[in-house]
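The primary structure of each chain is shown beneath.
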Amino acid sequence: RTNVLRRFYSAYDKDRRNKLQISVTTKHAPVVADFPLPLGSTLFNGLEEAYRENEILDRLRAEADALGVRTLRTSFENMMSDKSRALTAIEDFVLADHPCRAEEWSNTIVAEKAARLHSHPLSDNVTNWNDVVAALRGTKFEPFLTMDGSRLPD
């Protein structure tokens, strides 16, 4: 994910569901998606970790590009915005300059099965959104607050 706040939210939710032993199907997703995010060091440490991981990936990609190694940058957000196009781009990248073609493989099946658990802006799902906004204002994480269309409190 390019949005580290969204990434933290998803990881935190996954851990939360595992601890509560909740199996989430698409039908139940809206019911379990609303919850508060932790504040303080838990929030900032989680965001810092995601931010550092994104920086490392960007650095590795730049180094590979400098060495002439082909790279493909994709993200969850790109995959969800146009699943078929993203999967075709990945297929083309993996099979480039290779005699094997995967015509019998249909990425539309994969695209149809990919469902977003958290399909709404964070401002709709995080029950302590105002507190999260207050904590992140004025930090390097502030731009991630509205990256997914979330609304800031007045």
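Conventions and cut-offs
- Residues numbered from 1 in each chain as written.
- Predicted model: local features only at pLDDT ≥ 70, side-chain atom pairs only at ≥ 80, totals over all residues.
- Heavy atoms only, no water.
- Helix = DSSP H or I, 4+ residues; strand = E, 2+ residues; numbered from the N terminus.
- Buried < 20%, exposed > 50% of the residue type's maximum accessible area, 1.4 Å probe, protein only.
- Contact = heavy atoms within 4.5 Å.
- Areas by Shrake-Rupley, 256 points an atom, 1.4 Å probe, with all protein chains shown as cover.
- Patch = residues over 30% accessible without salt bridge, like charges linked within 9 Å, V, L, I, M, F, W, Y side chains within 5 Å.
- Salt bridge = Lys/Arg side-chain N within 4 Å of Asp/Glu carboxyl O.
- Expected span 1.5 Å × (residues − 1).
- Arc of directions from axis to C-beta.

Asker: Break down the overall build of the protein for me, with residues and values.
Answerer: Check the secondary structure of the protein and you find eight helices and zero strands. The secondary structure elements of the protein, listed N-terminal to C-terminal, are α-α-α-α-α-α-α-α. Each of the 154 residues in the protein was classed as buried or not, and the buried ones make up 31%. In the protein, of all internal contacts separated by at least 6 residues, the share reaching a separation of at least 24 is 66%. Entry remark: accessible area of the protein is about 9800 Å², with carbon and sulfur atoms responsible for 54%.

Asker: Before we move on, could you go through a nonpolar patch on the surface and cite the residues and values that matter?
Answerer: A surface patch of nonpolar side chains, about 270 Å² in accessible area, is lined by Ile56, Leu57 and Leu60. Here Leu57 shows up in helix H3 (residues 41-66).

Asker: Break down the pattern of salt bridges for me, with residues and values.
Answerer: Under the definition given, this model contains seven salt bridges. A salt bridge links Asp124 to Arg151, with the shortest nitrogen-to-oxygen separation between them at 3.0 Å. You can see Asp124 sitting in helix H7 (residues 122-125) and its partner Arg151 sitting in the segment after helix H8 (129-136), a full 27 residues away along the chain. Residue Asp124 is classed as partly exposed on the basis of its relative accessible area, which comes to 35%. Connected through salt bridges with shared partners, the residues Glu48, Arg52 and Lys140 form a single ionic network.

Asker: Mind laying out helix H5 (residues 83-95), listing which residues take part and the relevant values?
Answerer: Because each turn of an α-helix spans 3.6 residues, side chains separated by three or four positions end up pointing in the same direction. Under the 1.5 Å per step criterion, the end-to-end length of H5 is 18 Å for 13 residues, consistent within 8% with the ideal 18 Å. If you check which residues of H5 are buried, you get Ala86, Leu87, Glu91 and Leu95. Seen along its axis, H5 keeps its buried residues to an arc of 155 degrees; they face one direction. The first or second residue beyond H5 is Asp97, which carries a positive phi of 55 degrees.

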